[in-house]
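What the coordinates show
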Amino acid sequence: MGVARSLQPSKPRNVHEPDATPHIGWPDNAPPVRLLTMSLRFHEIAESRHRILNPLTDDKLDLLGVICRIPAGARQLDLACGKGEMLSRWAADYGLRGVGVDISKVFLNDARSRAENLGVADRVDFIEADAGTYKDTSEPYDIVSCIGATWIGGGLQGTLSLLRPQLRPEGIALVGECYWASPPPPEASAALGMSEEVTSLAGTAESIEAAGFELLEMVMANQDSWDRYVASQWWTISDWLRDNPADPDASAMRGFLAQSRRAHLEYGRRYLGWGVFVVRPVTSGRRTLFEPVDARKRRQNRRQKAKKPPTVLVGGFFVSKIVRR
Ligand SMILES: C[S@@+](CC[C@H](N)C(=O)[O-])C[C@H]1O[C@@H](n2cnc3c(N)ncnc32)[C@H](O)[C@@H]1O
């Protein structure tokens, strides 16, 4: 991503639609598919020492887990899961079961090793597939997520539409997305590889609403956590260049490092924000709290006994029914 290129790249919508625009340091004559492969390889190298492939720190990822009120036995689908840190960690902390989908064999191998190390390999599956077209035929999930890869759905709204069918009506979706923390100069967007859809924080909330979701919570990156994600890649790349001077991608990798470092220092740190937004579908009917599975079952049983409709219609509007636990 320059800085943010791996989060919001001028990268293809999916792996089969390569970006025709070469980035600084990339060979001008490289064909699109080669550029795409190089792009993925760059990120695999640059983020080889990362577990979390986004600007959240360990603390912030843990906070996100707390905020999500993950019930025991919850199921999560994570599209573009990277090294699967969120799934494996939440499987260990909350007993969650999950499926992660990514196109990178390298990241998926790391994800499987991490799951083994945390003792949760029997609870999480990692699948190599294009998340933009991945179809999961199992039961809908309690949580669906796409953290830092909204190009899989052609942007924020498209990605939310992609997540929705996989989500049970009372579930929550998590989406990690860039926004402009303050209005950027015209050249910032290109330098950082931002799509034109990226907007202000309030504009991001509007896009979430326009996609038919309600914003419930959020955990935001800050300048320090951006540095942990971006600046920590520089040393990794520098070491790789020192150890692999004859690699055919070495020169392009050097250009990638120079461009991404410059873009972060000049624009990213100052103008670019990023956060994980916790959202749920707005339905025309009832909205329920994201509540523990046991409480949900008890409520269903009560309803069956009472044989009452789950929603109350007042003045032409459905209103939320208060959930009694
Ligand atoms: C910024 S990283 C985020 C990874 C992970 N969600 C996290 O936050 O740690 C973007 C991820 O998207 C993956 N990716 C890019 N295009 C994809 C696609 N079309 N389908 C599946 N994964 C994709 C990359 O391999 C990478 O792991």
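Please read these numbers as outputs of a predicted model, since none were measured by experiment. (Residues numbered from 1 in each chain as written. Predicted model: local features only at pLDDT ≥ 70, side-chain atom pairs only at ≥ 80, totals over all residues.)

1. What to know about the overall build of the chain
Applicable threshold: Numbered from the N terminus, helices here are DSSP runs of H or I no shorter than four residues, and strands are runs of E no shorter than two. Here exposure depends only on C-beta density: within 10 Å of a residue's C-beta, 20 or more other C-beta atoms make it buried, 12 or fewer make it exposed, and intermediate numbers make it partly exposed, the C-beta atoms being placed from the backbone. Note on contacts: each residue gets a C-beta atom placed from the backbone, and two residues are in contact if those atoms are within 7 Å.
In terms of regular secondary structure, the chain is built from 10 helices and nine strands. The proportion of buried residues among the 325 residues of the chain is 40%. Residue pairs in contact within the chain that sit at least 24 positions apart in sequence constitute 75% of those at least 6 positions apart.

2. Quick notes on the sheet that holds strand β5 (residues 167–180)
Two orientations exist for strands paired in a sheet by backbone hydrogen bonds: parallel and antiparallel. The cut-off we apply is this: Strands are labelled as partners when DSSP assigns at least two bridges between them. Whenever a helix is involved, its axis is fitted only over the stretch in contact; in every case the axis is a line through C-alpha atoms, and angles between N-to-C directions fall within 0 to 180 degrees.
A sheet is described by the order of its strands in space; here seven strands give the open sequence β3-β2-β1-β4-β5-β7-β6, paired in mixed fashion. Sheet topology places β3 (124–128) and β6 (213–220) at the edges, where each strand pairs with a single neighbour. In this sheet, neighbouring strand axes are inclined to one another by 20° on average, regardless of whether the strands run parallel or antiparallel. With five bridges joining them, strand β2 (residues 97–102) and β3 adopt parallel strand pairing. Pairing of Gly-98 across the sheet is with Val-124, part of β3.

3. Let's talk about the site of the ligand
Just so we agree on the cut-off: Nearness here is judged by the C-beta atom: place it from the backbone, and if it falls within 6 Å of a molecule or strand, the residue counts as near that partner. Note on residue classes: Ala, Val, Leu, Ile, Met, Phe, Trp, Tyr, Cys and Pro are nonpolar, Asp, Glu, Lys and Arg are charged, and everything else, Gly too, is polar.
The environment of the ligand is made up of 23 residues, and the closest members are Leu-53, Ala-80, Gly-82, Ala-131 and Gly-148. Partitioning the shell around the ligand into residue classes produces 13 nonpolar, seven polar and three charged.

4. As for the confidence of the model for the chain
Spelled out, the test is: The predictor reports its confidence for every residue as pLDDT, a score running from 0 up to 100.
With 75% of its residues at a pLDDT of 70 or more, the chain has an overall mean of 83. Note on residues 286–296: pLDDT is under 50 here. Beyond four places in sequence and across chains, it has 22 contacts.

5. Some details on the environment of Ala-72
Position of Ala-72 among the secondary structure elements: in the loop between α2 (58–67) and β1 (75–79). Distance from Ala-72 to Leu-96, taken between C-alpha atoms, is 6.4 Å for residues 24 residues apart in sequence.

6. Quick notes on helix α8 (residues 223–243)
To be explicit about the condition: Given the number of residues in a helix, its expected span is that number minus one, multiplied by 1.5 Å. A residue's bend is simply the angle between two axes: one fitted to the seven residues ending at it, one to the seven starting at it.
The first and last C-alpha atoms of α8 sit 30 Å apart over 21 residues, in line with the 30 Å expected at 1.5 Å per residue. The sharpest bend along α8 measures roughly 30° and falls at Tyr-229. Of all the residues in α8, the buried ones are Trp-226, Tyr-229, Val-230, Gln-233 and Ile-237.

7. Side note on the packing of α8 against helix α9 (residues 250–271)
Packed helix pairs are specified by the crossing angle of their axes together with the interaxial distance, meaning the distance between the axes. Quick reminder of the rule: Any angle that is under 35 degrees is reported as roughly parallel, and any over 145 degrees as roughly antiparallel; angles of 65 to 115 degrees are reported as roughly perpendicular and all others as oblique. In this scheme the crossing of two helices becomes right-handed for a clockwise turn of the near helix relative to the far one and left-handed for an anticlockwise turn of less than a right angle.
Between α8 and α9, the shortest axis-to-axis distance is 10 Å and the interhelical angle comes to 160°. In terms of orientation, α8 and α9 fall into the roughly antiparallel class. Crossing of α8 over α9 shows left-handed handedness. In contact with Gln-223, Trp-226, Val-230, Trp-234, Ile-237 and Leu-241 of α8, α9 contributes Ala-250, Met-253, Arg-254, Leu-257, Arg-261, His-264, Gly-268 and Arg-269. Of the residues in the contact of α8 with α9, the class split is eight nonpolar, three polar and three charged.

8. Observations regarding the environment of Arg-262
In this structure, Arg-262 sits in helix α9. Residues Arg-262 and Leu-192 lie 70 residues apart in sequence; the distance between their C-alpha atoms is 9.5 Å.

9. A look at the nonpolar core
Heads up, the condition is: Joining buried Ala, Val, Leu, Ile, Met, Phe, Trp, Tyr and Cys residues through C-beta atoms within 7 Å gives a set, and that set is a nonpolar core.
In this structure, Cys-146, Ile-152, Leu-160, Ala-173, Leu-174, Val-175 and Val-279 are the most contacted members of the largest nonpolar core, which totals 65 residues. Here this core gets seven residues from one element, more than from any other, and that element is β5. Setting aside residues up to four positions removed in sequence, Cys-146 forms contacts with Leu-79, Ala-80, Ile-152, Thr-159, Leu-163 and Val-175. By size, the runner-up hydrophobic cluster in this structure holds eight residues, among which are Phe-42, Ala-46, Ile-237 and Leu-257.

10. Some details on the environment of Asp-227
Here Asp-227 is to be found in helix α8. Overall, Asp-227 belongs to the partly exposed group, with 16 C-beta atoms counted inside 10 Å.

11. Re helix α3 (residues 85–94)
In terms of burial, α3 is a largely internal element, seven of the 10 residues being buried. Every buried residue belonging to α3 is among Glu-85, Met-86, Leu-87, Ser-88, Arg-89, Trp-90 and Ala-91, and all of these are buried. As for α3, its buried residues are in contact with α2, β1, β2, α4 (105–117), β3 and β4 (141–147). Among the residues trailing α3, Gly-95 stands out with phi positive, at a value near 75°.

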